[in-house]
Every structure is written in C-alpha cells, then in structure tokens.
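# Report on the structure
Spelled out, the chains give:
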Amino acid sequence: MYKKEKILSCINREGKGLEIGPSVNPIAPKCEGYDVEIIDHLPKEKLVEKYTAHGNLKAKDINKIEEVDYVWQGQSYVELIGKIKYYDWIIASHLIEHTTDLINFINDCDELLKENGVLSLVVPDKRCCFDCYRPITGISQILDSHFNHNKIHTAGTVAEYFLNIVAKHGLIAWTAFQGGEVNLLHSEKDAVNGIDQVLRNNQYLDVHAWVFTPTSFRLIMNDLFLLGYIKLREISFFPTVGSEFFIILGRTGEGPGIDRLELLQKIDAEVSIKYSQGFLKKVSAKYSQRLIHYYNLFNRLVKKG
C-alpha cells in the first residue's frame, strides 16, 4: 500500500474534508475532486512567495499549493471556521509534532468532526529524522503543556531542539539503513538565542515539541483516551516507511488492541534497533542480512499489533 493509500484508507472520499497545513504537499487536493477545505498559516499568495524564496522547489511543486480557506492565527479551529461536527475527515501531515498543546489539537479536530469522522495523521519517526538523538516525549510533558495552556513552545523545548537535532549524510530525514556522517545542525549559541527569544519576547519558534517512535505515539494516544483527555482513539495504524508512520483516529476507534506492558516493551525494542547502515557495514555480510531479516520481522509484528 502506497503512502497516500494509507492516509486515505479510512476516509469517505465523497464526504466533506479538511486538510491542515498542506502547503506544497496536499494529500487530498481539490484538483483531484476532493471536497476539501484548507487551513494554513498564510494565504495562498503568501505561501507561494515563501516557498519560491526558498529556491529549492520546482515550479510544479509550488503549483500544488491550494487556495487557503482559513488562515490560522493561533485561535481554536472552531473559532476560526465557525462550524462544529461538520467534517467527515481531517488530514494533518507532519503537523502534530509542532503543536504547543497536543491535547487541544486533538480535541479541536474532534469538535470539527462528525460522530463517525476520522483524523488521519502522518507523524515523523524520531529514529529516522533530525530528532534521532532527542528523548522520546512522555505523557507528563503533554499533560503539563495542556494544564499550562501553552501557546508557545517552552524555553526548555527550544533548548533541547537546538542542542540535539542532526543531519545524516546531509539529510534531515532518512530511511532506516541510511549511512553517512552525522552532524549537529545548531550551536550552543543558537540554543541561547532561542531561549532568549522565548523568555524575553514570548516568541513562538517553529520547532518539533514532541518526539515519537510509532509505538510511543500509539501508547500516548491510548493513555490520553483512557485518562479522559481525548475522545478519539486509534482506528488504524501503519508502521514506519521511510521516515514517517501513519495513524487514523476516530470516536469509533477501539485502540491499539495491545496492553500497556506490551506497548512499553515494543517501545524499548524500537529504540534498541540499530538504525544505521554504517553499523551494518562493520559486521559480516552474513550478520548484516540476519539483522535486516530481524528488522523486517519486527516491523511485520508491529503491523500485526
């Protein structure tokens, strides 16, 4: 199953949809016949200016930018759109990790969705992107951000981000067995400046606040449901391909179908797997193939789970 098929697997294609922050990579574009509305942080003309100025995108990519129906400026999605229980589906790709209050984000989407609506998420796997040396986000951080009504990322989050994100072989996202040199992307001075911007200017800095492996995310979603903080639950899950995994949530979801202890053990296994082609080159071809076999077996088991 291809990426787009996974994201759309539980979506009613005849229904009304909302895509949040698609920018140059819409999953369900209007030009393909989807009845979809768009939330983004800038209107279309400003997005075109922004990504044209980057200089690393082709014209065909810039032309994918959709007309923006709602320009988000920090308010709740219900306040922005003025509707409740209106959409059959919502798509958010590589967005949830940027949210300042993850619980509010989930609940904002829930307010917009019909009773049988779905929220389809694409989430970066920390093992295969610039977050790979950052610690996995625990539920305490997510609860605390919610209790504190965070509107910007904390100074501590900003410091951890600037001090620890890396590139591998010049890439900020990679496949499981990508080799190459690893380099830090920022200096201690960048961290100090980031902290200062938050503490002195109360400034929002666009960083990854939350860092997940596939199972750590599944566990947190299920725990938040069981603790009563969200009403959406896992309907479907697809393990990591490339640098991202896929999960669909809804009020009709039944959760991961795995008990907490087994989920914790899976998280431990995920972070223990050697995600480095360079490591594999240091062992014999025989053992390299065996490691790849066990890696593939593990992914199949996760998928079954």
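This write-up is about the structure you can find in this document. This is a predicted model, so every value here is computed, not measured. (Residues numbered from 1 in each chain as written. Predicted model: local features only at pLDDT ≥ 70, side-chain atom pairs only at ≥ 80, totals over all residues. Heavy atoms only, no water.)

### A word on the packing of aromatic side chains
Here a ring pair, both rings aromatic, is described through the centre-centre distance and the interplanar angle of the planes. How we decide: In this analysis, rings of Phe, Tyr and Trp, with Trp reduced to its six-membered ring, are considered paired at centre separations within 6.5 Å, and the interplanar angle assigns stacked below 30 degrees, edge-to-face beyond 60, and tilted for intermediate values. Either the NZ atom of lysine or the CZ atom of arginine qualifies as a charge over a ring when it sits within 6 Å of the ring centre and within 35 degrees of the ring normal.
One pass over the structure, following the stated rule, counts 10 aromatic pairs. Taken together, the ring pairs in this structure connect Phe-212, Phe-217, Phe-237 and Phe-245 into an aromatic cluster. Over the aromatic face of Phe-237 sits the side chain of Arg-218, whose NZ or CZ is 4.1 Å from the ring centroid.

### Let's talk about helix α8 (residues 188-201)
Note the threshold: The secondary structure listing takes helices from DSSP runs of H or I that are at least 4 residues long and strands from runs of E that are at least 2 residues long, numbered from the N terminus. The span expected for a helix works out to 1.5 Å for each residue beyond the first. Relative accessible area decides the class of each residue, using a 1.4 Å probe on protein chains only: under 20% of the type maximum gives buried, over 50% gives exposed, and in between gives partly exposed. Each C-beta atom gives one direction from the helix axis, and the arc is the one those directions make. Any two residues having at least one pair of non-hydrogen atoms within 4.5 Å are treated as being in contact.
In a regular helix each residue adds 1.5 Å, so 14 residues correspond to 20 Å; α8 covers 19 Å between its end C-alpha atoms and thus fits that length. Buried residues of α8: Ala-191, Gly-194 and Val-198, and no others. Around the axis of α8, the buried residues are gathered within 65° of arc, so they sit on the same side. Exposed residues lying more than 90 degrees from the buried face of α8 are Lys-189, Val-192 and Arg-200. Close packing links the buried residues of α8 with α7 (155-164). Phi turns positive one or two residues past the end of α8, at Asn-202, with a value near 50°.

### Considerations on helix α6 (residues 139-147)
Listed as buried for α6 are Ile-142, Leu-143, Ser-145 and His-146. Burial along α6 is one-sided: seen end-on, the buried residues are contained in an arc of 160°. On the buried face of α6, the contacting elements are α5 (102-112) and α9 (214-226). Just past α6, the residue His-149 takes up positive phi, approximately 55°.

### Observations regarding the sheet that holds strand β8 (residues 233-241)
Selection rule: Whether two strands pair depends on DSSP finding at least two bridges between them. Whenever a helix is involved, its axis is fitted only over the stretch in contact; in every case the axis is a line through C-alpha atoms, and angles between N-to-C directions fall within 0 to 180 degrees.
An order of β3-β2-β1-β4-β5-β9-β8 is seen for the 7 strands of this open sheet, with the pairing classed as mixed. The sheet terminates laterally at β3 (70-71) and β8, the two strands that pair on one side only. When β8 meets strand β9 (residues 244-250), the two strands line up antiparallel, connected through 6 bridges. The residue of β9 that forms the bridge with Glu-234 is Leu-249. Sitting on the sheet, α5 is in contact with β1 (17-20), β4 (87-93), β5 (113-124) and β9, with an inclination near 145° to β5.

### A short note on the pattern of salt bridges
Put simply, the rule reads: Counted as salt bridges are all cases of a side-chain nitrogen of Lys or Arg within 4 Å of a carboxyl oxygen of Asp or Glu.
Taken as a whole and assessed by the stated rule, the structure comprises 18 salt bridges. For Arg-134, the salt bridge is made with Asp-131, and the minimal N-O distance between the two is 3.0 Å. By the burial criterion, Arg-134 is buried, and Asp-131 matches it. Linked by salt bridges that have partners in common, Lys-16, Asp-35, Glu-37 and Lys-83 make up one network.

### Focus on unusual backbone geometry
The phi dihedral of Ser-23 falls on the positive side, at around 50°, and the residue is not glycine. Among the structural elements, Ser-23 can be located in the loop between β1 and β2 (36-40). Looking at Ser-23, the relative accessible area reads 9%, which means it is buried.

### Quick word on the packing of α9 against helix α10 (residues 260-272)
Put simply, the test is: Angles are sorted into four bins: roughly parallel if under 35 degrees, roughly antiparallel if over 145, roughly perpendicular if 65 to 115, and oblique for all others. What makes a crossing left-handed is the near helix being turned counterclockwise from the far one by less than a right angle; a clockwise turn instead makes it right-handed. The nonpolar class holds Ala, Val, Leu, Ile, Met, Phe, Trp, Tyr, Cys and Pro. Asp, Glu, Lys and Arg form the charged class, and all remaining residues, Gly among them, are polar.
Packing of α9 against α10 brings their axes to within 8 Å, and their N-to-C directions diverge by 155°. Looking at the two axes, α9 sits roughly antiparallel to α10. Considering how the two elements wind past one another, α9 and α10 form a crossing that is left-handed. In this structure, α9 contributes Pro-214, Thr-215, Ser-216, Leu-219 and Asp-223 to the contact, and α10 contributes Arg-260, Leu-263, Leu-264, Lys-266, Ile-267 and Glu-270. Among the residues making up the contact of α9 with α10, the classes are represented as 5 nonpolar, 2 polar and 4 charged.

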